[in-house]
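What the coordinates show
Below, each chain spelled out in residue letters.
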Number of protein chains: 2
Amino acid sequence: MGMQRTPLLMSRLIDRGAAVAPETEIVTATETGTRRQTFLETRNRAHQLAHALKDAGIGIGDRVGTFMWNGSRHLEAYHATAGMGAVLHTLNLRLSDHDLEYIINHGADRLIIVDADVLPLLERLAGRIPSVEKIVVATEDGFENWSTSVADAVEYEDFIVNRPREFEWPEIDENSPLGLCYTSGTTGNPKGVEYEHRAQYLHTLSICMADVMALSATDTICGIVPMFHAMGWGIPWSALMLGCKQVMPHRFMDPARLLRLIAEEGVTISAGVPTIWQGVQTVLEADPDAYDLRRLSRVTCGGSAPPPSLIRWYWDTLGVEMIQGWGLTETSPLATVSRRLMKHAHRELSIDAQFENVAKAGQLIPGLEVEIVDEAFRPLPHDGESSGEILVRGPWVCSEYYRNPQPERFRDDWLITGDVGRIDPEEYLIISDRSKDLVKSGGEWISSVDLENHLAALDGVAQACVVAQPHPKWDERPVALIVRAGDLDIGTEEIIAHCATRFAKWQLPDDVLFVDSIPLTSTGKMDKKTVRARLEEEGYRLPELREDGGW
Amino acid sequence: MGMQRTPLLMSRLIDRGAAVAPETEIVTATETGTRRQTFLETRNRAHQLAHALKDAGIGIGDRVGTFMWNGSRHLEAYHATAGMGAVLHTLNLRLSDHDLEYIINHGADRLIIVDADVLPLLERLAGRIPSVEKIVVATEDGFENWSTSVADAVEYEDFIVNRPREFEWPEIDENSPLGLCYTSGTTGNPKGVEYEHRAQYLHTLSICMADVMALSATDTICGIVPMFHAMGWGIPWSALMLGCKQVMPHRFMDPARLLRLIAEEGVTISAGVPTIWQGVQTVLEADPDAYDLRRLSRVTCGGSAPPPSLIRWYWDTLGVEMIQGWGLTETSPLATVSRRLMKHAHRELSIDAQFENVAKAGQLIPGLEVEIVDEAFRPLPHDGESSGEILVRGPWVCSEYYRNPQPERFRDDWLITGDVGRIDPEEYLIISDRSKDLVKSGGEWISSVDLENHLAALDGVAQACVVAQPHPKWDERPVALIVRAGDLDIGTEEIIAHCATRFAKWQLPDDVLFVDSIPLTSTGKMDKKTVRARLEEEGYRLPELREDGGW
């Protein structure tokens, strides 16, 4: 034995920020402005919270639910539970009652910390979540008066007040769980991914690498991606470790408010799903000089693929590098990133060629491995042409679902991601689609993502969503739903003509539907399951199947 | 079990560079210019070398010595041994015959790969290193004709030729050894530090973090620090993982040649000991416009503390950030780094204040812990004043010496570093001195490093070395050895007067000796052990102890 056997526990990282940068601020948006506290205060409050949880009976491995926005108290819950060895079960605020009830019961959460403004959502589950012994309510301005019948309840500040500011973090096995996050399934009940210390420790270091997010102590980071979604993409952990300034939007998610927060707090890096960045773009296009964004240098965009035109707009208009990331709840979550310059040879590329690369899902983060396979699980060549099911493995990739192993999602030590894609000769992963979102037409696959990206680049299109509709002969055919932008009254013929500039005739949408909005999933992605369900409800039929023969 | 149990093996990282950047170059300096090969060629040759080693009987855990300069074949040896699970024993080219013989025998190296130009040094050990069954000789221009009686010998190219280019790296325990490096003791025999996969894996990720060395695939790195010294500070591993361009100086270490290499290859980051950067400074001052260094952005400086004046010179003159790093062979090696901007609050500091921080040993790399203690091992406050023995622990810190545990160097899970220092309220570690290099005068300690740094900033001083000399009353008193710079014929009185601007009377050197050069250790540090030994040989006495009463 030559080296120390120091366990890779998050407790070895999370107190570091407060030690090196005690006065750096953590800013939470409020109704009237912001609420601010230092790293040292946050660390001390997290240790107090750990004492309070322990006194409430929470031990190593017990699940503590959070039903919260991004805010300093949610960060304290991350910090306290990871330090003490409890398991943070982040409950998605946008779930249906049915799914929320299911995951609380399946996780057997013993205590839930809840933001007062969303308490009414939890209240609807009263009497149906028997494992929950206690509710701790975090209040902000305007929500001081709350009541609940869910369980024994206490206000957050009363819960932690007067507790000791020093909790001696226990030494536990590095493979112990520290988090639980359920992924909304396409069929059946949500499935839980159990995050572990060692895996998150490695993920925390990795996203700080220069070629990943290059997160630095000198940054001011605004994580817009909810902390209830896949550990907030790991940002809370890295920020706690580094001691960089954090800006947290809480429930104030409209683009104009986000922009004001980013400008006023001097945010240097932010992270969110494409729909957020599309909303921000719309506000900025309407009023280009309203916000001082000179300090903003990069935004990480994940959850679903941002249209290349959006990536380019941020660079050309704002000088902001949009870093595309790909991953899943099952991959802790970051697996690949795409940056403007990722290789030595890229220094010589034209800007256009650099952005062709950024439009790909990216290069694997060191330590992970990826493969694409055909239906018999035979590896396909990395030629940029062959398309197959994407498999991924590595130290922060899920090996089974929580109390619901789902062996068909795993093969040897590989996770079967459910995404379909290609790998090009430069080892870029290119996502074609979610398996379930591919349009299967006449034995060939049509990528809804490719059509959407192409449509999003057309003037007059704010958002595009392509879904499959059943067809007796071809099996499925694509239909485009379009949200119009600005005053351009763009029509079906222009949409189809635009698609025809790039796609083959058989790949063109059979129909174009103009809509006011596209429904979003609880994690901000376009909810194609709901789109398809609504079309079915409405008795939608493809034009050539209608009695009038269509357009 | 929620996450995959992927072992943290270097074999999971080292092939990555060739996969993502197959055409990126690895450049080795030669007598007449450079020798160049791609990452893909290097990777294939490393796999061939692994086959050759296996066929020569080298198995998992067997020691393979390298007696080599920094060059592509040394990199192939790193790659092959780590992949196949053998242990790379990097032999220091500058050791005495006695120590070299000792470490080869103590490590029980079975095979040694040697650069032909240094074969004569190994030849002197013929008959005294019985464990060595085979010598593999790597030749460069001008050294094609070699012979040896050390052991069965073969030329490197003949050794690997026609072997398969694909070695299936075995899955071994992540705590298996992958390297062995001996540290030159002040007393007794050299002590071996056994590097392990998991520890080096974490170190490899860490030095790529934005706030550490921020090593990127887009960099061109020139590691001047020998690869026989503490895994070349981890640079070979990180470069293999990222696929960044590598430039390797081989035996051509004179400053003018290094500068030509850095300029011609467009080096962006380099790493070496202070004496290297002092030599480079001297050449540049003599001929400021001879080299185009516009692409060089940062140099990492470690091994011993660079004088603050040197750090500042690189910034003011070249716009190059000198990153100070502190670590030991025992810490794999990097433990702290000091950069110009390490915290959010530093953005507001003046340049002078930023460089006051850079002059400190730095902030701990995340995951490590440090403590300073008094003689009874009681922790001392982090007040910037209290000075004590520095303890360090963490996942890449040594827990014992190889086949020579030395329990007095460890306490609980802490390594007792042998360095003395302070920790300031910002958690900066400040090294006062090696314990053995402190001057103990009248019960107080005088830091030789502080005096040296102050002296190095004086015009007319190229290098300063302060050592203790015995004194019957005060125990020890400091003596300064000075290498003069340029044409300024600086004298003793100016030296002492300059020291008096900052130090108390009792801290001033008792004597100043003007010398042509300071002897260096095998790792390029000032060799104070030799300085003291020479003074003793010469019968040196402090001025007031001489019969003439001194100056």
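Residues numbered from 1 in each chain as written. Chains lettered and ligands numbered in written order. Predicted model: local features only at pLDDT ≥ 70, side-chain atom pairs only at ≥ 80, totals over all residues. Heavy atoms only, no water.

1. Details of the overall build of chain A
Rules: Numbering of helices and strands runs from the N terminus; a helix is a DSSP stretch of H or I covering at least four residues, while a strand is a stretch of E covering at least two. Within these notes, the globule rule equals 2.2 Å times the number of residues to the 0.38 power, and the radius of gyration is based on C-alpha atoms. To sort residues, take the accessible area from a 1.4 Å probe on protein chains only and compare it with the maximum for the residue type: under 20% means buried, over 50% means exposed, and anything in between is partly exposed. Working rule for contacts: check all heavy atoms of both residues, and any pair within 4.5 Å makes them a contact. In this tally, Asp and Glu contribute negative charge and Lys and Arg positive charge; neither His nor the terminal groups of the chain are included. Charged side chains are reduced to one point each, which is NZ for Lys, CZ for Arg, CG for Asp and CD for Glu.
Of regular secondary structure, chain A possesses 15 helices and 26 strands. In summary, chain A has a C-alpha radius of gyration of 24 Å against a globular reference of 24 Å for 551 residues, a match within 12%. In chain A, buried positions account for 64% of the 551 residues. A fraction of 68% describes how many contacts in chain A between residues 6 or more apart in sequence connect residues 24 or more apart. Computed over 53 positive and 82 negative side-chain charges, the separation of the two mean positions in chain A equals 3 Å.

2. Quick word on the relation of the copies chain A and chain B
How we decide: Here the copies are matched by least squares. The fit uses the C-alpha atoms of residues with pLDDT of at least 70 in both.
Superposing chain A onto chain B takes a rotation of 180° plus a shift of 0.0 Å along the axis, which leaves an RMSD of 0.1 Å. As the rotation angle and translation indicate, the two copies are arranged about a two-fold axis. Looking at the rotation axis and the C-alpha trace of chain A, the residue lying nearest is M209 of chain A, at 1.9 Å. Comparing interface residues between copies, 100% of those in chain A also sit at the interface in chain B, which points to an isologous, same-surface contact.

3. Brief notes about the nonpolar core
Just so we agree on the cut-off: Nine residue types can take part in a nonpolar core, namely buried Ala, Val, Leu, Ile, Met, Phe, Trp, Tyr and Cys, and a core is a set of them joined through side-chain atoms within 4.5 Å.
By size, the foremost hydrophobic cluster in this structure holds 237 residues, and its most contacted members are W277 of chain A together with W277 of chain B. The residues touching W277 of chain B, leaving out its near neighbours within four places in the chain, are I224, S270, A271, G272, V299, T300, C301, L310, Y314 and M322 of chain B.

4. Quick word on the pairing of strand β6 (residues 134-138) of chain A
All names here are of chain A. The line we're drawing: In this description, strands pair whenever DSSP reports at least two bridges between them.
For β6, the tally of buried residues reaches 5 of 5 residues, placing the bulk of the element in the interior. Where burial is concerned, the two faces of β6 agree: the one with K134, V136 and A138 and the one with I135 and V137 are both buried. Pairing geometry for strand β5 (residues 111-115) and β6, over 5 bridges, is parallel. Bridge pairing in β6 places L111 opposite K134. Where β6 and strand β7 (residues 152-155) come together, 4 bridges link them in parallel fashion. Note on β7: the bridge partner recorded for I135 is A153.

5. Some points on the packing of helix α3 (residues 72-84) of chain A against helix α8 (residues 235-242) of chain A
All names here are of chain A. We count it as follows: Between N-to-C directions, angles cover 0 to 180 degrees, with each direction set by a line fitted to C-alpha atoms, over the stretch in contact for helices. Convention used here: angles under 35 degrees read as roughly parallel, angles over 145 as roughly antiparallel, angles from 65 to 115 as roughly perpendicular, and any remaining angle as oblique. Each residue is assigned to one of three groups, with Ala, Val, Leu, Ile, Met, Phe, Trp, Tyr, Cys and Pro labelled nonpolar, Asp, Glu, Lys and Arg labelled charged, and all others, Gly among them, labelled polar.
Here α3 crosses α8 at 80°, and the two axes come no closer than 10 Å. Between α3 and α8, the angle is such that the two are roughly perpendicular. Between α3, through L75, Y78, H79 and A82, and α8, the contact on the second element is made entirely by P236, W237 and L240. A class-by-class count of the residues in the contact of α3 with α8 yields 6 nonpolar, 1 polar and no charged.

6. Some thoughts on the pairing of strand β10 (residues 220-223) of chain A
All names here are of chain A. Here is the rule: By convention, a crossover is right-handed whenever its connection, traced from the first strand over the helix to the second and viewed with the strands pointing away, goes clockwise.
A two-sided burial pattern is seen for β10, the buried positions comprising T220 and C222 on one face and I221 and G223 on the other. In the sheet, β10 pairs with strand β11 (residues 245-248) via 3 bridges, with the strands oriented parallel. Looking at the pairing, T220 lines up with K245 of β11. One crossover worth recording links β10 to the parallel β11 by way of α8, and it is right-handed. The pairing of β10 with strand β12 (residues 269-272) spans 3 bridges and is classified as parallel. When the sheet's bridge partners are listed, G223 is paired in β12 with A271.

7. Brief notes about the packing of helix α13 (residues 448-456) of chain B against helix α14 (residues 492-500) of chain B
Two quantities define a packed helix pair, namely the angle between the axes and the distance from one axis to the other. All names here are of chain B. As a reminder of what qualifies: Take the far helix as your reference; a near helix turned counterclockwise from it by less than a right angle gives a left-handed crossing, and one turned clockwise gives a right-handed crossing.
Across the interface, α13 lies against α14 with an axial gap of 10 Å and an inter-helix angle of 115°. Relative to α14, α13 is oriented roughly perpendicular. As α13 runs across α14, the sense of the crossing is right-handed. Counting all contacts with α13, which are made through L451, H454 and L455, the residues of α14 involved are I495, H498 and C499. For the contact of α13 with α14, the residue count by class is 4 nonpolar, 2 polar and no charged.

8. Some remarks on the sheet that holds strand β10 (residues 220-223) of chain B
What the 9 strands build is an open sheet, ordered β2-β1-β11-β10-β12-β13-β14-β15-β16 (chain B); its pairing is mixed. The strands lining the two open edges of the sheet, one partner per strand, are β2 (34-38) and β16 (363-364) of chain B.

9. Section: helix α7 (residues 197-206) of chain A
Of all 10 residues that make up α7 of chain A, 10 are buried, and the element is covered over most of its length. Inspection of α7 of chain A places H197, R198, A199, Q200, Y201, L202, H203, T204, L205 and S206 of chain A among the buried residues, and these make up the whole buried set. Structurally, α7 of chain A contributes buried residues whose contacts are with α3, β8 (177-183), β9 (191-196), α8 and β15 (334-338) of chain A together with α7 (197-206) of chain B.

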